[in-house]
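Architecture at a glance
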Amino acid sequence: MSKEGVSGIPVTRTSTRLPVSGYMTASSSSTNTREHSQSVPLNGRTILDSDLPGLATPSKLLTTSTSDTTVADTWGERAVADQSRGQPSLELHPPPSSQLLRPSRQKVARAELISNLVTQLICSYAEKRVDGISCPPFVHHSTVQRSAKGSPLNNPIAICQEIALKYAPNPSQTDPSLWSSIATEQERIYTNRSTFDKWTTMDSAQALTIYLIMTASAGEPVLTQYPNNPITLLYTLGALFGELNIIQPGFSASTENGRPSWQDWIFAESKLRTAAMYFMFAMCFDVQFGIPCDRPEDYAFDDVDLPARKALWEASDEVTWEREMDLVGEKRDKDGDNDGGIEEVRLKYGDLVGHNKRLCEGEGQDGLYEGLGRRIEKWQRRADEFGILVSLCGTMI
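This is a predicted model, so every value here is computed, not measured. (Residues numbered from 1 in each chain as written. Predicted model: local features only at pLDDT ≥ 70, side-chain atom pairs only at ≥ 80, totals over all residues. Heavy atoms only, no water.)

Glancing now at the overall build of the chain. Summing up its helical and strand segments, the chain has 13 helices and four strands in all. Evaluated residue by residue, the chain yields a buried proportion of 54% over its 397 residues. Sequence separation of at least 24 residues holds for 77% of the intrachain contacts in the chain that already meet a minimum separation of 6. In the structure as shown, the chain presents an accessible area of about 16,600 Å², 52% of it carried by carbon and sulfur atoms. (Helix = DSSP H or I, 4+ residues; strand = E, 2+ residues; numbered from the N terminus. Buried < 20%, exposed > 50% of the residue type's maximum accessible area, 1.4 Å probe, protein only. Contact = heavy atoms within 4.5 Å. Areas by Shrake-Rupley, 256 points an atom, 1.4 Å probe, with all protein chains shown as cover.)

Right, dumping it as structure tokens:
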């Protein structure tokens, strides 16, 4: 994927990168483990499969001997054989000093104030019912409708709805049944991920993102009482994004190569919004647990498209969406933003951050950057709630 922004403007890369090496790797050549990474449960007490899709296995993370009995995890703990499964296993839990999912401190006071606001907005998503009325803005309304038409059995969104109903009345509760339900669902998703189609994989990634927000939002009582949940949720989410990047590499819903179908557009937009949600979460909460994340091929937030405008994301049906897409093209032609392309060329988060840095540094606006500034302003005026949240994060520089 190109590391340049629109119109050939170099993107100033931010320091917000993925906390898991290969978590959302830019390369689609990673080993696809659908055929041989079968049913290896992962929870806070049992095992960690070292063969995650798109996830490197550095010696810092895992050291595996030829024997089936010696496996060391990141912090050097020895594993015990899981006799019931006949496979090596290891206890997966953070070190005593772990600050996983605790709020992060920003270096600049202004950024700290913005971070506090962003944190509250993110935590509000944990209290959504995940239905047609109350849904996080990275989950498309058609996802909820599709879930309602299918069987609730093993349906990630339907199960998430049940958990959300338990959580919403008291976000800080430490009810064992609630957090046990989340841990059980996380393990089910991890164990069965190789059998999922692309939509179930997406639904699972979005459900786990909601569980991460729930866990962080619940705060210290839950994080202390259930210290293993954060790392297993993060690891499973990493495995799912490895699968999603095999299905569709990158985090762009740009249509410069022609207009996709509505369903393909929903999938691409849902993937980039879920990725953006994770990146913003990582800006406000500690998600580091000992795995390097600075490989050149790893995606950063800068690589993610800015969310689509409100009218497109909230279009009630395909006809309405097609009409809105036509209007996008007409407005681009009228405003002179066509650039010779067939359809919309999307701005990226890196364009937004680079523009904000230039404004803060008081640099002059030449013709090239003036055009970028106009496009960002138009995007902000037409953004939905999620786009405004992304825009706020773009000021934490």
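Turning next to unusual backbone geometry. For Leu101, which is not glycine, the phi torsion reads 65° and is therefore positive. In this structure, Leu101 sits in the loop between strand 4 (87-88) and helix 1 (109-124). Although it is not a glycine, Asn154 sits at a positive phi angle of roughly 60°. Position of Asn154 relative to the elements: it lies in the loop between helix 2 (141-149) and helix 3 (156-167).

Turning our attention to helix 2. Along helix 2, the residues classified as buried are Ser142, Thr143, Val144 and Ser147. Those residues of helix 2 that are buried lie in contact with helix 3, helix 5 (198-218) and helix 8 (262-284).

Time to look at the packing of helix 4 (residues 176-192) against helix 5. Direction vectors running N to C along helix 4 and helix 5 enclose 150°, while the axes themselves pass 11 Å from each other. When the interaxial angle is binned, helix 4 and helix 5 end up roughly antiparallel. In the packing of helix 4 onto helix 5, the handedness of the crossing is left-handed. Contacts between helix 4 and helix 5 involve Trp179, Ile182, Glu185, Gln186 and Ile189 from the first element and Ser204, Leu208, Tyr211, Met214, Thr215 and Ala218 from the second. Here the residues of the contact of helix 4 with helix 5 sort into seven nonpolar, three polar and one charged. (Axes fitted to C-alpha atoms, helices over the stretch in contact; angles between N-to-C directions. Parallel < 35°, antiparallel > 145°, perpendicular 65-115°, else oblique. Left-handed = near helix turned anticlockwise from the far one by under 90°. Nonpolar A, V, L, I, M, F, W, Y, C, P; charged D, E, K, R; others polar.)

Next up on the list: the packing of helix 4 against helix 7 (residues 229-247). The interhelical angle for the contact between helix 4 and helix 7, taken along N-to-C directions, is 30°, at an axis separation of 10 Å. In this view, helix 4 runs roughly parallel relative to helix 7, as classed from their interaxial angle. Judged by the twist between their axes, the crossing of helix 4 over helix 7 is left-handed. Contacts between helix 4 and helix 7 involve Trp179, Ile182, Ala183, Gln186, Ile189 and Tyr190 from the first element and Asn229, Thr232, Leu233, Thr236, Ala239 and Leu240 from the second. Among the residues making up the contact of helix 4 with helix 7, the classes are represented as eight nonpolar, four polar and no charged.

Enumeration over the complete set of coordinates arrives at 13 salt bridges. A salt bridge links Asp305 to Lys348, with the nearest nitrogen and oxygen atoms 2.8 Å apart. One end of the pair, Asp305, is in the loop between helix 8 and helix 9 (310-313); the other, Lys348, is in the loop between helix 10 (318-335) and helix 11 (349-360), and 43 residues separate them in sequence. A single burial state applies to Asp305 and to Lys348, both of which are buried. With a shortest N-O distance of 3.1 Å, Lys310 and Glu314 are connected by a salt bridge. Through salt bridges with shared partners, one network takes in Glu269, Arg273, Arg346 and Asp384. (Salt bridge = Lys/Arg side-chain N within 4 Å of Asp/Glu carboxyl O.)

So, on to the environment of Ala276. Summarising the element assignment, Ala276 is placed in helix 8. Its relative accessible area of 1% is what places Ala276 among the buried residues. In the structure, Ala276 is positioned 28 residues away from Val304 in sequence and 6.9 Å away in space, judged by C-alpha atoms. Dropping the residues within four chain positions of it, Ala276 is found in contact with Phe301, Val304 and Phe386.

Tallying each qualifying case throughout the model produces zero disulfides. Note on Cys284: no disulfide assigned, nearest cysteine sulfur contributed by Cys393 at a separation of 5.6 Å. (Disulfide = S-S within 2.5 Å.)

Moving on to the side chain of Asn229. Locating Asn229 in the fold gives a position in helix 7. Asn229 has contacts with Trp179 and Ala183, leaving out every residue within four places of it along the chain.

Over its twelve residues, helix 11 extends 17 Å from the first C-alpha to the last, a length consistent with the 16 Å expected when each residue adds 1.5 Å. Burial runs high along helix 11: nine of the twelve residues are buried. When helix 11 is considered as a whole, its buried residues turn out to be Tyr349, Gly350, Asp351, Leu352, Val353, Gly354, His355, Asn356 and Arg358. Directly after helix 11, the chain includes Gly362, whose backbone phi takes a positive value near 70°. (Expected span 1.5 Å × (residues − 1).)

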